[in-house]
Amino acid sequence: MANDASAAFDTLSPAVSKGSLADPFTPSADSSLWRKNFLLGAATASYQIEGAVDEDGRLPSIWDTFSATPGKVLAGDTGAVACDHYHRWESDIDMLASLGLEGYRLSIAWPRVMDAAGRPNRKGLDFYKRLLNRLKEKGITSFVTLYHWDLPQHLEDRGGWLNRDTAYRFADYTDLMSRELAGTVDAWATLNEPWCSAYLGYGNGHHAPGLANDRFATQAMHHLLLAHGLAIPVLRGNDPASQKGIVANIGRGTANSDSAADQRAAHLFEVQHNAWILDPLLKGEYPQDLFELWPGTEPLVLDGDTQTIAAPLDFLGINYYFRTNVASDGAHGFRDVPLEGVERTQMGWEVHPDGLRDLLTGFRSTYRNLPPIYITENGMASDDKVIDGHVDDTQRISFLKRHLAAVDQAIKAGVDVRGYFLWSLMDNFEWAFGYERRFGVVHVDYSTQKRTVKRSAELVAKFLKERKAKV
Ligand code: FCB
């Protein structure tokens, strides 16, 4: 297997395998990944794996509503059963531990733990308490995301993230969770990928709640970031020993030509994908270029909001998947110009590890107060099949190695990256794409719920074992 993996690494990435970039899983004195304190884990999210959507008092979320709406999710899939993790959590944690993974990033389903009047739902809370206690017993570092997109439907019915009040309801929810779970969580992330919640949810409607208006997107983003900013001091008060942060997805945009217009288009792409979120968090202001791209969409910002949003962070979670090649659209913005002949995944996303390194080093120069970074998601979908009890996910092995090598390069260039979480621990409900797209390092057969460890997970497990023995 190791030979196959190395061969794939060489063929799929000649640029990476030659020169200074070594296979990151090969022991090497100067590799940052071989440092004992570089955390390597896997990530999941509540709606994507739990199922049990109407058990033990869980209320409906916007994703239950959205996925039940015809035409919104591929093949009409929903998260009603998903990986049945709500019932199988113990064996899933055993599996995580048996792979030697050191960290687990999970999210809490807000509609599972609070009723519509804001009172705690004990049964839902107990589920997460048991799970987090088990992780602690196993010595696995827990990263808990409070909001990975499953907004209670009753809040959406009152305007969702377009309603400023939702930010205050999020602070109440954060207060409850951090009082109940204090001491069992190593790191809290307020939000997962506010860009997706705001833009895909309210800007183009590809995600729940399915609204499509640029002005809605900027206002939803403002309320999401406000919710984050209100939650940080609550977490600090209730659970002082844990780390507090937020998770942002970032996108690399490259210009299709050297023309000034295309260079500007690539810049605007990154403003829309990255600076829209990172500038308010780390500079206390929205990038004005955003409103050149979307004229007249300035959100309503009240006095003090920008200071609230820029609350100091202990860490920044970064999710990275692909790069987008763009050209000027001839007006204010950019248009995608997909490159031909490049490697892509089952999602059609281009495999471009250098983008991760370049963005990280870029952030280091742009943001003087850049907090320590965890790569909280990175991975790829492939059409994996179980053959003779095995899943040979060769492309994923190569993908992981190249992205870990890119992280190592960023660290060597001075970026403080402290860990990396694979997306995902197991195949799951991939939002608008349902179950067709398989992102796991563990395969799930949805008809039997059987889990099969893929070759990629075996390789990571082998690496972690070797590293443990060595350092
Ligand atoms: C990210 C999401 C995660 C998963 C991956 C593929 O945008 O945070 O839930 O769907 O993409």
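Calculation rules
Residues numbered from 1 in each chain as written. Predicted model: local features only at pLDDT ≥ 70, side-chain atom pairs only at ≥ 80, totals over all residues. Heavy atoms only, no water. UniProt positions renumbered as here; feature names shortened; annotations may be inferred. Helix = DSSP H or I, 4+ residues; strand = E, 2+ residues; numbered from the N terminus. Contact = heavy atoms within 4.5 Å. Expected span 1.5 Å × (residues − 1). Polar contact = N/O pair within 3.5 Å; in protein donor to acceptor, adjacent residues only side chain to side chain. Buried < 20%, exposed > 50% of the residue type's maximum accessible area, 1.4 Å probe, protein only. Pairing = 2+ DSSP bridges. Salt bridge = Lys/Arg side-chain N within 4 Å of Asp/Glu carboxyl O. Near = heavy atom within 4 Å. Areas by Shrake-Rupley, 256 points an atom, 1.4 Å probe, with all protein chains shown as cover. Nonpolar A, V, L, I, M, F, W, Y, C, P; charged D, E, K, R; others polar.

Draft legend 1. Examining the UniProt feature "active site" (unreviewed entry) in the chain more closely. Residues annotated in UniProt with the feature "active site" (unreviewed entry) correspond here to Glu377. Relative to the helices and strands, glutamate 377 resides in strand 8 (residues 373-378). Apart from residues lying up to four places away in sequence, glutamate 377 is in contact with Arg105, His148, Asn192, Glu193, Ile318, Asn319, Tyr320, Tyr321, Phe421 and Trp423.

Draft legend 2. Summary view of helix 11 (residues 214-238). The terminal C-alpha atoms of helix 11 lie 36 Å apart, and with 25 residues this matches the ideal 36 Å at 1.5 Å per residue to within 8%. Put simply, asparagine 213 is the residue that caps the front of helix 11, since its side-chain oxygen is 2.8 Å from the backbone nitrogen of arginine 215.

Draft legend 3. Looking closely at the pairing of strand 5 (residues 243-255). In terms of burial, strand 5 is a largely internal element, 10 of the 13 residues being buried. Relative to strand 5, strand 4 (residues 187-192) is paired through four bridges, and the arrangement is parallel. Residue alanine 187 lies in a different strand from strand 5, and its bridge partner there is glutamine 243. Two strands pair when backbone bridges link them, and strand 5 and strand 6 (residues 315-328) are joined in this way by 10 bridges, in the parallel orientation.

Draft legend 4. Spotlight on the side chain of serine 32. Secondary-structure assignment places serine 32 in the loop between helix 2 (14-17) and strand 1 (39-43). Not counting residues up to four positions away in its chain, the partners in contact with serine 32 are Phe38, Asp408 and Ile411.

Draft legend 5. Representation of unusual backbone geometry in the model. Put simply, alanine 208 and proline 209 share a cis peptide bond, and its omega is 5 degrees. In this fold, proline 209 is placed in the loop between helix 10 (194-203) and helix 11. That bond from tryptophan 423 to serine 424 is cis: its omega, 10 degrees, falls within 30 degrees of zero. Secondary-structure assignment places serine 424 in the loop between strand 9 (417-423) and strand 10 (442-445).

Draft legend 6. Structural detail: the pattern of salt bridges. Using the criterion set out here, one finds 38 salt bridges in the structure. Between arginine 169 and aspartate 172 there is a salt bridge, and its shortest N-O distance comes to 2.9 Å. Note that arginine 169 and aspartate 172 are positioned in helix 9 (residues 165-181) at a spacing of three residues, about one turn of the helix. Of the residues examined, arginine 169 reaches a relative accessible area of 28% and is grouped as partly exposed. For aspartate 408, the salt bridge goes to lysine 412, with nearest N and O atoms at 2.6 Å. Of this pair, aspartate 408 and lysine 412 both sit in helix 16 (residues 394-412), separated by four residues, roughly a single helical turn. Using a relative accessible area of 10% as the deciding quantity, one classes aspartate 408 as buried. A residue is classified by how much of its surface remains accessible, and lysine 412, at 45% relative accessible area, is partly exposed. Each of the salt bridges in this network shares a partner with another, and the network as a whole consists of Asp384, Asp393, Arg396, Asp427, Arg438 and Lys454.

Draft legend 7. Geometry of the site of the ligand. Near the ligand the following residues occur: Gln48, His148, Trp149, Asn192, Glu193, Tyr321, Glu377, Trp423, Glu430, Trp431 and Phe439. A distance of 2.5 Å is found between an oxygen atom of the ligand and a side-chain nitrogen or oxygen belonging to glutamate 193. Within the side chain of glutamate 430, one N or O atom sits 2.7 Å away from an oxygen atom of the ligand. When the ligand sits alone it has 300 Å² of accessible area, and the protein chains cover 95% of it. Split by residue class, the shell around the ligand holds five nonpolar, three polar and three charged.

Draft legend 8. Region of the structure containing the side chain of threonine 184. Note on placement: threonine 184 falls in the loop between helix 9 and strand 4. Residue classification places threonine 184 among the buried positions, given a relative accessible area of 15%. Side-chain polar atoms of threonine 184 contact the backbone oxygen of leucine 181, separated by 2.7 Å.

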